[in-house]
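Overview (structure and organization)
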Amino acid sequence: MCSLRLVRNGDLGQATPMAQPVIATLTMNPAIDLSYEVDAIEPTRKLRARRECLFPGGGGINVARVLARLGRSVSCVYLAGGTTGPTFEALVAEHGLHAVPVPIAGTTRIATTVHEARSGLEYRFTPPGPNVSEAEWRACIDRLEEMEADWLIASGSLPEGVPTDFYAHLAAQAARKGTRLVLDSSGEALRAGVAGGGVYMAKPNQDEFEKLTGRTFATPQAIGEAAREVVRTSGMIAIVVTLGNEGAVLATADHFEFCPALALETKSAVGAGDSFVAGMVHALAGGEDMADAFRLGMASGSAAILTAGTSLALREDIERLYAEYRKA
Ligand SMILES: Nc1ncnc2c1ncn2[C@@H]1O[C@H](COP(=O)(O)OP(=O)(O)OP(=O)(O)O)[C@@H](O)[C@H]1O
Ligand SMILES: [Mg+2]
């Protein structure tokens, strides 16, 4: 497969004969993403829906879809099962992703996004997902133990039954195996993962970061200072706190910077965080420094809002916006 890499002139890629880093994603609670559009959401009446689309979704899967558009070959480890499991698997294959499924008895969830044409608003319905047994989540850890990955991106919520310190186990495993773990989660799962050490980078949004620190922040500057402190105490290499349409803050142990987002017309905010992570990891895995990777993350997150529903960031938009963020 032809691999693409970030190059310094702002172009996203050119063929390179270099050995490519192995990138894997982990999705503990994936979803079949169903989206459609209706004129108006009203009760009782049958609503005629159009533009029905099905995508394989869930944090790690979304990250992998964007990485694949950037030319990366990605292995997707995920739990799937029940009557919807085979459909999910077929969707993963349709998107050219290398599937590493861990079978479970529970039913893979279906998440629905409805775009209301009259108002331009988007309604998102997200069920909790299946209950996972101890044997099933342990099988997942075993599967990851067998894999040799340079990068592992664990993204998304943990389904019921999986202990909240699951990502801490994963971080210890990744550190032992020399895998760089990028963690994008929330609540107790994120807190335990970060506290355990061994995470390379975390990407909370502001709300997730405030829950992680137990504080609230009024300015990007205050977020930067707190984020730098979290990096110092956790042993992570970096943390990025994304602030939606305001931009994002990158912090390492010795510096932080705020990058404001470009003003763009929002079609759908679905997957902005996942696209951000994909852009950053693409650049880091290509040997770029943190500051450049941060800008490709910004471009990828912003590109995600230009596409409707669960379409995620398109490569041509990422490329165009990356040039803008490098100028800014
Ligand atoms: N309206 C917007 N305009 C421009 N860029 C945006 C906008 N919304 C998001 N972004 C870009 O995407 C990044 C991630 O967005 P956000 O902070 O909403 O992530 P998130 O809350 O993790 O999203 P997700 O719902 O996918 O988990 C932002 O830092 C920014 O770069
Ligand atoms: Mg997010």
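Preceding block: the structure.
Here is a short report on the structure shown in this document. (Residues numbered from 1 in each chain as written. Chains lettered and ligands numbered in written order. Predicted model: local features only at pLDDT ≥ 70, side-chain atom pairs only at ≥ 80, totals over all residues. Heavy atoms only, no water.)

Structural notes on the environment of A139
Looking at where A139 falls in the secondary structure, it is placed in helix α3 (residues 134-146). The class for A139 is partly exposed, based on a relative accessible area of 34%. Through-space distance from the C-alpha of A139 to that of P21 is 25 Å; in sequence the pair is 118 residues apart. (Helix = DSSP H or I, 4+ residues; strand = E, 2+ residues; numbered from the N terminus. Buried < 20%, exposed > 50% of the residue type's maximum accessible area, 1.4 Å probe, protein only.)

What to know about the pairing of strand β6 (residues 109-116)
If a strand is regular, its side chains alternate between the two faces of the sheet. Counting buried positions along β6 gives six out of eight residues, so the element sits mostly inside the fold. The antiparallel hairpin formed by β6 and strand β7 (residues 121-125) contains four residues in its connecting segment, where G120 sits at a positive phi of about 75°. (Pairing = 2+ DSSP bridges.)

Some details on the side chain of E210
By the element assignment, E210 lies in helix α6 (residues 206-213). As a buried residue without a salt bridge, E210 has its nearest oppositely charged side chain in K211, at a separation of 7.6 Å. Filtering out sequence-adjacent residues up to four positions away, E210 remains in contact with R215, T216 and F217. (Lys, Arg positive; Asp, Glu negative; His and termini not counted. Salt bridge = Lys/Arg side-chain N within 4 Å of Asp/Glu carboxyl O. Contact = heavy atoms within 4.5 Å.)

As for the site of ligand 1
For ligand 1, the set of nearby residues contains 20 residues, the closest of which are N205, T242, G244, G247 and S302. Between ligand 1 and G273 there is a distance of 2.9 Å, counted from an oxygen atom to a backbone nitrogen or oxygen. Of all the elements in the fold, those that place two or more residues in the shell around ligand 1 are β12 (247-251), α8 (272-285) and α9 (290-304). The greatest single-element share of the shell around ligand 1, amounting to four residues, is contributed by α8. Of the residues assigned to the shell around ligand 1, the class counts are eight nonpolar, 10 polar and two charged. (Near = heavy atom within 4 Å. Polar contact = N/O pair within 3.5 Å; in protein donor to acceptor, adjacent residues only side chain to side chain. Nonpolar A, V, L, I, M, F, W, Y, C, P; charged D, E, K, R; others polar.)

Describing the packing of aromatic side chains
Under the definition given, this model contains six aromatic pairs. Aromatic pair Y78 and F88: ring centres 5.0 Å apart, planes at 75°, arrangement edge-to-face. With Y78 in strand β4 (residues 74-81) and F88 in helix α2 (residues 85-94), the pair connects residues that are 10 residues apart, well separated along the chain. A residue is classified by how much of its surface remains accessible, and Y78, at 0% relative accessible area, is buried. Taking 6.2 Å as the distance between ring centres and 90° as the angle between the ring planes, the aromatic pair formed by W137 and F166 counts as edge-to-face. Here W137, found in helix α3, pairs with F166, found in helix α4 (residues 166-177); they are 29 residues apart in sequence, far enough to count as distant. Comparing W137 with F166 shows no difference in burial state: the two are buried. One aromatic cluster is present, formed by W137, F166 and Y167 through successive ring pairs. (Phe/Tyr/Trp six-rings, centres within 6.5 Å; stacked < 30°, edge-to-face > 60°.)

Topic: the packing of α3 against α4
Orientation of α3 relative to α4, taken along the N-to-C sense of each, is 15°, at an axis distance of 11 Å. Classified by the angle between their axes, α3 and α4 sit roughly parallel to one another. By crossing handedness, the relation of α3 to α4 is classed as right-handed. The residues of α4 that touch α3, namely those facing W137, C140, I141, L144 and E145, are F166, H169, L170, Q173, R176 and K177. Its residues assigned to classes, the contact of α3 with α4 shows six nonpolar, two polar and three charged. (Axes fitted to C-alpha atoms, helices over the stretch in contact; angles between N-to-C directions. Parallel < 35°, antiparallel > 145°, perpendicular 65-115°, else oblique. Left-handed = near helix turned anticlockwise from the far one by under 90°.)

Considerations on unusual backbone geometry
The backbone of T44 shows a phi angle near 70°, a positive value even though the residue is not glycine. Looking at the element boundaries, T44 is found in the loop between β2 (31-38) and β3 (50-57). Here T44 falls in the exposed class, since its relative accessible area comes to 86%. A positive phi is found at R51, a non-glycine position, where the angle reads about 55°. Position of R51 among the secondary structure elements: in strand β3.

Topic: the sheet that holds β7
Consider a sheet: its strands pair through backbone hydrogen bonds, and that pairing is either parallel or antiparallel. The sheet built from four strands is open, its strands ordered β3-β2-β6-β7 with mixed pairing. Edge positions in the sheet fall to β3 and β7, since each of these pairs with one other strand and no more. Adjacent strand axes in the sheet meet at a mean angle of 15°, parallel and antiparallel pairs treated alike. As judged from the six bridges shared by β2 and β3, these two strands associate in the antiparallel manner. Across the sheet, the residue bridging to E37 is R50, located in β3. Against the sheet, helix α1 (residues 59-69) contacts β2 and β3, and its axis sits at roughly 100° relative to β3.

Observations regarding a nonpolar patch on the surface
A cluster of nonpolar residues, I41, L121, Y123 and F125, forms a patch on the protein surface that exposes about 350 Å² of accessible area. We classify F125 as partly exposed; its relative accessible area is 46%. (Patch = residues over 30% accessible without salt bridge, like charges linked within 9 Å, V, L, I, M, F, W, Y side chains within 5 Å. Areas by Shrake-Rupley, 256 points an atom, 1.4 Å probe, with all protein chains shown as cover.)

A short note on helix α5 (residues 187-195)
In an α-helix, one full turn covers 3.6 residues, which means residues spaced three or four apart are oriented alike. For α5, every residue scored as buried is listed here: A189, L190, A192, G193 and V194. Buried residues along α5 sit against α4, β9 (180-184), β10 (201-202), α6 and α7 (220-234). A positive backbone phi angle near 75° is found at G197, which sits one or two residues after α5.

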